[in-house]
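The residues making up each chain are set out below.
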Amino acid sequence: MLVWENVKLALSGIFSNKLRSVLTMLGIIIGIGSVIAIMTVSASLTNSITTKFAELGANNVTLGVKQTSEKQEVRENGMKFGLSGRKSSLDEEDRISDEMIKNISEKYLSYIDTVALSESIGSGTVASGDNSANISLTGINSGYYKSEDVTLINGRYITDEDVNGNKAVIMISDKVVENIFDSDAAEALGKKLYVNMDGIYYPFYVVGVYEYEENATNFSSSSDEDVTTSAYIPISTGKKYIHTDDGYEKITLVTNSSVSDVTSFADDVEEYINQKYYAANDEYQVNATTMSSLTESMSETIDTAAVAIAFIAGISLLVGGIGVMNIMLVSITERTKEIGTRKALGAKTGSIRFQFIVESMILCLIGGVLGILLGFGIGAVAASVMGYSASAPFTAIAGSVVFSMAIGVFFGFYPANKAAKMDPIEALRYE
């Protein structure tokens, strides 16, 4: 019998018992729907994280000084003891120096767009007259703006001239402007502000106003009036005020478009600086990280969790498969005379078996398609509620279609084989 004729017979049998067919497919629909919904939310979350990290600087390489693993002393009796007396803070010789930055920039001149420097100076309040606002003071250089997304509203950014001249200039947020200058950014430019840190007042002149954007990294439960926002000053000025050692605990290399693999570039730079400057340093070494590596790590974690949850949800497919097997056995019992007639007229055993396997596959395929539609709909709604754009997991969808048909073959084989092996005489006598 032709495949298409088997398909038509299967559809005829399914639609002639609509309610029974729907109830049979329910397990398949729920199982496939659950898996697709979970994978949709997972894909949407992963895409959102990838996009956000790309906005934060997918081409950035952060070099940070990191303490090496504590060495262990092994005694004759085999017991291990950690070596004590290690330094708890960076000395000047352990930090990344201006010389190191210069050599890295020269060696990788064709790959590095700029070097971004930043250092936390401390938290405090900024005041002008009777008005004040909370700030977190950060020292930066001009390259900082290429590594971080800072939107200028009025004025200008911190420049190399400001850094080289140790100038007392400051770039504040629009939240500070709201509190002190009644939201007039133009009026704020050139005004003298006093930053109070631990009772010491530092004077600065406002040169720029940027737009404060609240997100997951700087979320605050404080009111708009009390929220703490970042304020930027030249890094040289900040170091002078807090009297820190020369050098930096971390720097950021902003690579250009010629770097196709940022992770490999980061590994290369890390190896170079450790071999050249930290080979004799038993306490510290430089560690290179990228947004790409962080994104991959988070995506793998999300995918692993999603697969584990989807596997649990997929157990319902087993229940659905057993339901399909059960209904096929019932169908074969109801059509015993039909089977006996076909065999009496010369139908081969393989033809009978194939007919019922096709019917089982069609039943599971329809259930799988309905489950995919339901699952994507639920996943899209869930992703939307969480604030993500829905992303269709095409691999999961294709896999679900194949898997639902495989369920049809697996759970349909026993009933089909039972029908194929019927004795035509006993089948024709069945009442």
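Structure first, text after, so check above.
Small disclaimer: the values here were computed from a predicted structure and weren't measured.

A. Representation of unusual backbone geometry within the structure. A positive phi angle, close to 50°, is found at Asn166, a residue other than glycine. Checked against the element boundaries, Asn166 lands in the loop between α5 (160–164) and β7 (169–173).

B. Representation of the packing of helix α13 (residues 349–385) against helix α14 (residues 394–420) in the model. Relative to each other, α13 and α14 sit at 145°, their axes nearing to 7 Å. In the crossing of α13 with α14, the sense of the turn from one axis to the other is right-handed. When the residues that make up the contact of α13 with α14 are grouped by side-chain class, the tally is 17 nonpolar, 8 polar and 1 charged.

C. The arrangement of the pattern of salt bridges in detail. If you walk through the whole model with that rule in mind, you get 4 salt bridges. Here Arg95 ties to Glu119 by a salt bridge, and the two come within 3.4 Å at their closest N and O atoms. Of the two residues, Arg95 is situated in the loop between β3 (80–82) and α3 (98–107) and Glu119 in strand β4 (residues 112–128); the sequence distance between them amounts to 24 residues. Summarising the burial analysis for this pair, Arg95 and Glu119 share the class buried. Asp162 is the salt-bridge partner of Arg156, the closest N and O atoms lying 2.7 Å from each other. Within this structure, Arg95, Glu119 and Lys239 form a network of salt bridges that share partners.

D. Structural view of the layout of surface pockets. Each pocket or cavity is described by its volume, and for the second largest pocket that value is around 230 Å³. Contributing to the lining of the second largest pocket are 13 residues, with Val35, Ala310, Leu317, Ser400 and Phe403 lying nearest its centre. Sorting the residues of the lining of the second largest pocket by element identifies α2 (18–57), α10 (291–313) and α14 as the ones contributing at least two each. When residues in the lining of the second largest pocket are grouped by element, the largest group, 5 residues, is from α14.

E. Region of interest: the nonpolar core. Leu63, Ile96, Ile104, Ile251 and Leu253 are the most contacted members of the largest nonpolar core, which has 38 residues in total. Here this core gets 6 residues from one element, more than from any other, and that element is helix α9 (residues 262–277). Dropping the residues within four chain positions of it, Leu63 is found in contact with Ile96, Ile104, Glu249, Lys250, Ile251, Leu253, Val269, Val286, Asn287 and Ala288.

F. Broad picture of the pairing of β4. Of the pairings in the sheet, the one linking β4 to strand β11 (residues 250–255) comprises 5 bridges and is antiparallel in character. Note that in β11 the partner of Ala116 across the bridge is Thr252. Here β4 pairs with strand β5 (residues 131–140) via 10 bridges, running antiparallel. Within β5, the residue paired with Thr125 across the bridge is Asn134. Counting the residues that bridge the hairpin from β4 to β5 gives 2 residues, and of these Gly129 lies at a positive phi of roughly 70°. Sheet topology places β4 next to strand β8 (residues 192–197); 3 bridges connect them, and they run antiparallel. Along β8, the bridge assignment pairs Val126 with Val195.

Thresholds, definitions, all that
- Residues numbered from 1 in each chain as written.
- Predicted model: local features only at pLDDT ≥ 70, side-chain atom pairs only at ≥ 80, totals over all residues.
- Heavy atoms only, no water.
- Helix = DSSP H or I, 4+ residues; strand = E, 2+ residues; numbered from the N terminus.
- Axes fitted to C-alpha atoms, helices over the stretch in contact; angles between N-to-C directions.
- Left-handed = near helix turned anticlockwise from the far one by under 90°.
- Nonpolar A, V, L, I, M, F, W, Y, C, P; charged D, E, K, R; others polar.
- Salt bridge = Lys/Arg side-chain N within 4 Å of Asp/Glu carboxyl O.
- Buried < 20%, exposed > 50% of the residue type's maximum accessible area, 1.4 Å probe, protein only.
- 1 Å grid on protein atoms, 1.4 Å probe; cavity = no way out; pocket = protein on both sides within 12 Å on 5 of 7 lines; lining within 4 Å.
- Points joined across faces, edges and corners; volume = space filled by probe spheres on them.
- Core = buried A, V, L, I, M, F, W, Y, C linked by side-chain atoms within 4.5 Å.
- Contact = heavy atoms within 4.5 Å.
- Pairing = 2+ DSSP bridges.

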